[in-house]
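Architecture and fold: a report
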Amino acid sequence: MAGKGASRSIKRKIDEIEDDDTVGKQSGIKRFFEAPKTETDNKPKETTRSSGTSNLTLAWKWKESVLIYESEGVKNSNKIASFDFDGTLAKTSLFKHGPDAWSILYPSCVPTLTRFHEDGYKLVIFTNQASIGKAKATKEKVIAEKKGRLMGFVTEVGLPFQIFVATAKDAYRKPNTEMWELFSQKYNGDVKVNKDKSFFVGDAAGRKKDHGSSDKEFAENCALKFYTEDEFFLKEVHKTEEVSQ
């Protein structure tokens, strides 16, 4: 019986990481991110988009159930290097919580990401985080944890990223294509993505060790070349396939 109890405990921990949780109301989550209103909040915000550097406000923002962030220095590009987060770029623990409970997955991550950035690729993260609405902790605590891990990663890597977080089990969640379409249609200026030169890297590829195949299916549904985290950062198969050419 003790063994079964331990198994159930581990399963619950895995669910927290892999987002198999019921999502709470989005309005409660949004209130956590909204800054106190001032007189200028009622004025129309002028935002423009064109090829070259994006003019997004450097802060988290909502688009329906998707949280979006763009760090300083992001430039629109027809070449997109996109990634899942947990288990692909960052190693997260099943038993540790908090915004600092992560580490870069492989030593080769930073130099590989740097090379693609210098080659003109836009670096983008697409991650499912439906556990934001889970009942075991307050929404504020869960959001702060997810946000802290993502921002901590971007800060440590020192490269410009766009981040798209699917916070609900809806059409935006991978392997559906809506999160990619939101990015390509609204958050890449007037630059059309060249899918032949773009790709997605993820750890949910349907292997025996994987928690599912949503990352591989996401890439297939979006007509993007797909790599597992091992293929991309350890075996570096993209070099022989000349992805960056």
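Only a predicted model underlies this, so the values are computations on that prediction, with no experimental measurement involved.

**Considerations on the sheet that holds strand β3 (residues 80–83)**
- If you trace the seven strands from one edge of the open sheet to the other, you get β1-β2-β7-β6-β3-β8-β9, paired in mixed fashion. Edge positions in the sheet fall to β1 (61–63) and β9 (225–228), since each has one partner strand and no second. The average undirected angle you get between the axes of adjacent strands in this sheet is 25°.
- Strand direction decides the pairing type here: strand β8 (residues 199–202) and β9, joined by four bridges, are parallel. By the bridge assignment for β9, G202 is matched with T228.

**Considering the pairing of β3**
- Alternating residues of β3 divide into I80 and S82 and A81 and F83, and every residue in both groups is buried.
- Where β3 and strand β6 (residues 122–128) come together, four bridges link them in parallel fashion. In the strand pairing of β6, F83 is matched with I125.
- Examined bridge by bridge, β3 and β8 share three bridges and lie parallel to one another. Bridge pairing links S82 to F200 in β8.

**Considering the side chain of T228**
- The topology assignment puts T228 in strand β9.
- A relative accessible area of 7% means that T228 is categorised as buried.
- In this structure T228 touches V201, G202, A205 and R207, once residues within four positions along its chain are discounted.

**Brief notes about the pattern of salt bridges**
- Summed over the entire model, instances satisfying the criterion amount to nine salt bridges.
- In this structure, D215 and K174 form a salt bridge, with 2.9 Å as the shortest nitrogen-oxygen distance. With a gap of 41 residues between them, D215 in helix α6 (residues 214–221) and K174 in the loop between β7 (161–166) and α5 (178–186) connect regions that are remote in the sequence.
- Owing to a relative accessible area of 2%, D215 belongs among the buried residues under this scheme.
- The exposure class of K174 is buried, given its relative accessible area of 4%.
- Among the ionic pairs, K209 bridges to E229, the shortest N-O distance being 3.8 Å. Of this pair, K209 sits in the loop between β8 and α6 while E229 sits in helix α7 (residues 229–235), placing them 20 residues apart in sequence.
- A single network of salt bridges, built from pairs that share partners, joins R207, K209, D210, E229 and D230.

Rules used in this analysis
Residues numbered from 1 in each chain as written. Predicted model: local features only at pLDDT ≥ 70, side-chain atom pairs only at ≥ 80, totals over all residues. Heavy atoms only, no water. Pairing = 2+ DSSP bridges. Helix = DSSP H or I, 4+ residues; strand = E, 2+ residues; numbered from the N terminus. Axes fitted to C-alpha atoms, helices over the stretch in contact; angles between N-to-C directions. Buried < 20%, exposed > 50% of the residue type's maximum accessible area, 1.4 Å probe, protein only. Contact = heavy atoms within 4.5 Å. Salt bridge = Lys/Arg side-chain N within 4 Å of Asp/Glu carboxyl O.

Function cannot be inferred from these measures alone, as they are strictly geometric.
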